[in-house]
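Descriptive structure summary
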Amino acid sequence: QSQELSQAHIDYHVALQALQEHGTRMVCTGKMHTDRICRFDYLCYCSEAEEFVFFHSNSSVMLPNLGSRRFQPALLDLSSVEDHNTQYFNFLELPVAALKFMPKPVFVPDVTLILNRFNPDNLMHVFHDDLIPAFYTMKQYSDLDDEARLVFMEGWAEGPHFDLYRLLSSKQPLLKEQLRNFGKLMCFTKSYVGLSKMTTWYQYGFVQPQGPKANMLVSGNEIRQFARALMEKMNITRGEEMKKDGGNAEDDKEKKAEYIVVFSRSATRLIVNEAELIMALAQEFQMRVVTVSLEEQSFPGIVQVISRASMLVSMHGAQLITSLFLPRGAAVVELFPFAVNPEQYTPYKTLATLPGMDLHYVSWRNTKEENTITHPDRPWEQGGIAHLEKEERERILASKDVPRHLCCRNPEWLYRIYQDTLVDIPSFVEVLKEGMKTKPSVKKSKSTSTVHPGRVREAQCQTLVQTPNEAKLTVSWQIPWNLKYLKVREVKYEVWIQEQGENTYMPYILPQQNYTFSENIKPFTTYLVWVRCIFNKNLLGPFADVLMCRT
Ligand code: UDP
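Within each chain, residue numbers correspond to sequence positions counted from 1 in written order. Only residues with pLDDT of at least 70 are given local features in this predicted model, and only at 80 or more are side-chain atom pairs given and counted; all residues enter the totals for whole chains, interfaces and linings. Based on all heavy atoms of the structure, the side-chain values leave hydrogens and waters out of the count.

Residue proximity to a molecule or strand is established when one non-hydrogen atom of the residue lies within 4 Å of it. Residues in close proximity to the ligand total 14 residues, the closest being Asn122, Arg265, Ala267, Glu295 and Ala318. A 3.5 Å cut-off defines polar contacts: any pair of N or O atoms within that distance qualifies, except that in protein one atom must be a possible hydrogen donor and the other a possible acceptor, and neighbouring residues in sequence count only when both atoms are side-chain atoms. The backbone of Thr268 places a nitrogen or oxygen atom 3.0 Å from an oxygen atom of the ligand. Taking Arg269, its side chain carries an N or O atom lying 2.8 Å from an oxygen atom of the ligand. Here the ligand, which alone exposes 500 Å², has 76% of that area covered by the protein. Any residue outside Ala, Val, Leu, Ile, Met, Phe, Trp, Tyr, Cys, Pro, Asp, Glu, Lys and Arg is labelled polar, Gly included; the first ten of those are nonpolar and the last four are charged. For the shell around the ligand, a count of residues per class yields five nonpolar, five polar and four charged. Areas reported as accessible are Shrake-Rupley estimates using a 1.4 Å probe. Residue values count occlusion only from the protein chains shown.

Here we come to the packing of aromatic side chains. Any two rings among Phe, Tyr and Trp, with Trp reduced to its six-membered ring, count as a pair given centres within 6.5 Å; such a pair is stacked if its planes are under 30 degrees apart, edge-to-face if over 60, and tilted if neither. Overall, the coordinates contain 30 aromatic pairs when judged by the stated rule. The interplanar angle of 90 degrees and the centroid separation of 6.1 Å between the aromatic rings of Phe40 and Phe91 together place this pair among those described as edge-to-face. Here Phe40 is found in strand 2 (residues 37–46), whereas its partner Phe91 is found in strand 7 (residues 91–95), with 51 residues between them in sequence. When the ring of Phe54 is compared with that of Phe91, the centres are 5.2 Å apart and the planes differ by 25 degrees; the resulting orientation is stacked. Separated by 37 residues along the polypeptide, Phe54 in strand 3 (residues 51–56) and Phe91 in strand 7 bring together distant segments of the chain. An aromatic cluster is present here, built from Phe40, Tyr45, Phe52, Phe54, Phe89, Phe91 and Phe188 joined pairwise through their rings. Strands here mean DSSP runs of E at least two residues long; helices mean DSSP runs of H or I at least four residues long; both are numbered from the N terminus.

Before going further, it helps to examine empty space enclosed by the protein. Over the atoms, a rolled probe matching the size of one water molecule traces out where space is still vacant. The pocket and cavity definitions rest on a 1 Å grid over protein atoms only: a 1.4 Å probe that fits but cannot leave marks a cavity, an open set with protein on both sides within 12 Å along at least five of seven lines marks a pocket, and residues lining either have an atom within 4 Å of a point. Grid points are joined across faces, edges and corners, and a volume is the space filled by probe spheres set on the points. All told, the structure shown has one cavity of 30 Å³ or more when counted by the stated rule. Approximately 30 Å³ is the volume found for the largest cavity. Taken together, Pro209, Gln210, Gln344, Tyr345, Arg404 and His405 form the lining of the largest cavity.

Looking at the secondary structure, you find Ser307 in the loop between helix 7 (299–306) and strand 16 (311–315). Beyond its immediate stretch of four places on either side in the chain, Ser307 contacts Met231, Ile236, Arg238, Phe325 and Pro327. In what follows, a contact means two residues having at least one pair of non-hydrogen atoms within 4.5 Å.

Looking now at the pattern of salt bridges. For salt bridges, the criterion is a side-chain nitrogen of Lys or Arg within 4 Å of an Asp or Glu carboxyl oxygen. Under the criterion given, the structure shown has 26 salt bridges. A salt bridge links Glu494 to Arg532, with the shortest nitrogen-to-oxygen separation between them at 2.9 Å. Taken together, the residues span a long stretch of sequence, with Glu494 in strand 23 (residues 491–499) and Arg532 in strand 26 (residues 526–535) at a distance of 38 residues. Ionic contacts of the salt-bridge type, sharing partners, join the residues Arg39, Asp41 and Asp143 into one network.

Let us look at the sheet that holds strand 16. Hydrogen bonds between backbone groups are what pair the strands of a sheet, and the pairing can be parallel or antiparallel. Read from one edge to the other, the open sheet built from five strands follows the order 15-14-16-17-18, with strand pairing classed as parallel. Edge positions in the open sheet fall to strand 15 (288–292) and strand 18 (360–365), since each of these has one partner strand only. In this sheet, neighbouring strand axes are inclined to one another by 20 degrees on average, regardless of whether the strands run parallel or antiparallel. Sheet analysis places strand 17 (residues 331–336) next to strand 18, joined by six bridges and oriented parallel. By the bridge assignment for strand 18, Val333 is matched with Val362. On top of the sheet, helix 7 reaches strand 14 (259–263), strand 15 and strand 16; it is set at about 145 degrees to strand 14, its chief contact. Note on geometry: axes are C-alpha line fits, over the in-contact stretch for helices, and angles between N-to-C directions span 0 to 180 degrees. The strands touched by helix 11 (residues 425–437) within the sheet are strand 16, strand 17 and strand 18, with strand 18 carrying the most contacts at an inclination of about 155 degrees. Paired strands, as defined in this entry, are two strands with at least two bridges between them according to DSSP.

Moving on, we come to the sheet that holds strand 22 (residues 470–478). If you walk across this open sheet you meet the three strands as 21-22-25, and the pairing is antiparallel. What marks the edges here is a single partner per strand, and that holds for strand 21 (457–467) and strand 25 (514–517). Each neighbouring strand pair of the sheet contributes to a mean axis angle of 15 degrees, computed without reference to strand direction.

Criterion for a disulfide: a pair of cysteine sulfur atoms within 2.5 Å. Counted under the stated rule, the structure contains four disulfides. With its sulfur 1.7 Å from that of its partner, Cys407 forms a disulfide with Cys408. Handedness here is read from the sign of the S-S torsion; for Cys407 and Cys408, about 100 degrees, the answer is right-handed. Under the relative-accessibility criterion, Cys408 is labelled partly exposed at 38%. The partner cysteine of Cys461 in its disulfide is Cys549, sulfur to sulfur 2.1 Å. Where Cys461 bonds to Cys549 through sulfur, the torsion about that S-S bond is close to -105 degrees, and the disulfide is left-handed. Note that Cys461 is positioned in strand 21 and Cys549 in strand 28 (residues 547–550), a separation of 88 residues in sequence. Sequential numbering of the bridged cysteines in the protein gives the disulfide pattern 1-2, 3-4, 5-6, 7-8. Here Cys46 is not cross-linked by a disulfide; its sulfur's nearest cysteine counterpart is in Cys44, at 9.7 Å. Of the cysteine sulfurs around Cys533, a residue in no disulfide, the closest is that of Cys549, at 19 Å. Since its relative accessible area comes to 0%, Cys533 is described here as buried. Here's how the labels work: a residue is buried when its accessible area is under 20% of the maximum for its type, exposed when over 50%, partly exposed in between, all with a 1.4 Å probe on protein chains only.

Another aspect to go through is the packing of helix 2 (residues 123–140) against helix 4 (residues 220–233). Viewed as axis vectors pointing N to C, helix 2 and helix 4 meet at an angle of 85 degrees, and their least axial separation amounts to 11 Å. Between helix 2 and helix 4, the angle is such that the two are roughly perpendicular. Between helix 2 and helix 4, the contacting residues are Phe127, Leu131, Ile132, Phe135 and Tyr136 on the first element and Glu222, Ile223, Gln225, Phe226, Ala229 and Leu230 on the second. Grouping the amino acids of the contact of helix 2 with helix 4 by side-chain chemistry returns nine nonpolar, one polar and one charged. Oblique is the label for every angle not falling under 35 degrees (roughly parallel), over 145 degrees (roughly antiparallel), or within 65 to 115 degrees (roughly perpendicular).

On to the layout of surface pockets. Taken as a whole, the largest pocket spans an internal volume of roughly 1400 Å³. Lining the largest pocket are 44 residues, and of these Asn119, Asn122, His125, Arg269 and Tyr418 sit closest to its centre. Contributions of two or more residues to the lining of the largest pocket are made by helix 2, helix 8 (347–352) and helix 10 (411–417). For the lining of the largest pocket, a count of residues per class yields 21 nonpolar, 17 polar and six charged. In this model, the second largest pocket occupies a volume close to 690 Å³. What lines the second largest pocket is a set of 30 residues, among which Ser80, Val81, Glu82, Lys197 and Lys213 lie closest to the centre. Of the residues forming the lining of the second largest pocket, the biggest block, three residues, is contributed by helix 2.

Read these as spatial facts, not as claims about activity.
Written out as structure tokens, the structure is:
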């Protein structure tokens with residue numbers, strides 16, 4: 001079917017000759033295996049050996065040339081999950097001369113992106129680990145366009161969300177298993193290997209308990225750009241953004257259009273009184289409440305509904321990743337089962353609170369043990385604890401808080417997170433009312449420009465010694481060049497004055513473009529002076545070159 005790679009598009013003999021003459025060429029970005037993406041000409045794959053092959057010739061290129069450090073621990077991470085030892089990529093090496101004795105290669109003419117999906121069965125992982133990173137890796141390399149071919153090497157079957165992966169390009173993605181169909185040796189004319197980790201915001205707790213990544217590099221803007229692109233591919237239109245005023249709509253028509261979505265799970269981690277919860281929400285907010293579930297609706301259908309919702313309410317779980325399709329100003333309400341601390345499991349909170357995501361986040365936690373429904377006899381991966389020693393079992397049953405733990409098989413965690421919950425409506429409504437009080441208006445956050453100041457210009461100082469004990473230091477500067485094109489609510493300047501040789505400095509915040517300092521200024525002393533511009537209290541610009549001012 002769509003698996004055939006049109007060999008007609010490339011001249012087989014030209015390709016074979018190029019491979020024989022030039023061998024494989026590799027040029028990578030990234031100093032470490034964890035931030036590396038490599039681009040190859042004529043990277044080959046031997047399906048029999050299940051190995052990638054680099055062919056050496058006189059004109060092959062391998063950059064970085066790591067020698068045997070290539071195995072310490074690997075050339076690069078094939079998934080976006082950092083330094084996971086099941087996700088490493090490497091290749092075997094052969095001289096091009098070996099081609100004579102090998103099966104005839106089949107050439108893949110498409111520009112190919114080779115990667116591992118991390119956990120394609122789980123919707124959160126699908127988006128966070130695969131779709132968003134692949135989307136932005138493709139943006140990074142312009143020849144990874146709509147015609148690019150994706151190859152998934154983790155070895156899993158298509159999985160329940162393969163249609164989402166299909167949206168990344170117009171060509172059918174290939175699975176590792178399917179590579180056999182192309183013969184024993186296939187060579188990718190042009191390929192990229194690895195995924196950008198720039199967009200990931202969460203670490204799953206392999207080496208330290210799970211939490212937001214230490215150095216987040218993504219903002220809500222990029223997440224929303226991705227969401228919009230995906231919605232376009234799914235033929236979903238949001239219309240104009242629903243709630244431009246962040247929900248204080250006086251306009252009655254607009255109010256009527258607003259609704260709340262309850263994302264329901266039908267198999268595990270249930271809300272057992274969902275109907276009651278829905279009634280309470282409808283009553284509290286005077287809004288329509290609709291439910292969606294992965295079991296009942298198509299994914300595009302769900303996104304259509306969520307993309308116009310004012311609020312998304314759901315148990316903690318992968319389905320909450322769909323909050324990235326919520327309109328700005330909407331609220332995410334995440335429910336946690338008994339003994340699970342919301343502060344320790346924050347993939348969706350972190351997403352909702354990314355700068356520029358403009359979502360409001362509220363969590364509720366079941367604190368009443370009598371309202372939890374446990375499943376001790378289920379298989380261990382669904383939180384069963386029957387396989388444990390009696391003592392351990394009793395400890396877990398008595399515990400009211402899952403202690404911090406590593407991923408992924410902690411039985412106490414699994415036991416608690418797979419509980420069903422009878423949501424205590426009064427406490428839920430209370431938490432919600434309290435949480436929504438601080439709801440930020442989108443207007444406010446939108447007018448907070450994210451344009452940073454440039455350097456102040458023509459910074460200079462003048463000094464004056466008045467008496468043997470008194471001196472003055474006048475510093476002046478011009479506005480940053482970009483300010484004249486901007487409407488900024490508040491422009492201030494920060495000046496740091498440090499006596500040469502001292503470790504400390506005096507900081508000043510000033511509204512004007514010059515100032516004469518006389519306190520703490522000594523005669524016949526050299527001061528180092530830094531000046532920078534600040535927009536709206538917290539948008540810091542860079543410091544201008546340091547001034548040396550001698551009194
Ligand atoms: N799932 C679902 N309904 C359920 C339970 C799970 O749709 O009742 C989906 C869930 O959204 C996720 C996958 O099945 O995509 C695996 O769920 P699991 O509970 O293992 O993971 P979690 O939701 O805790 O990340």
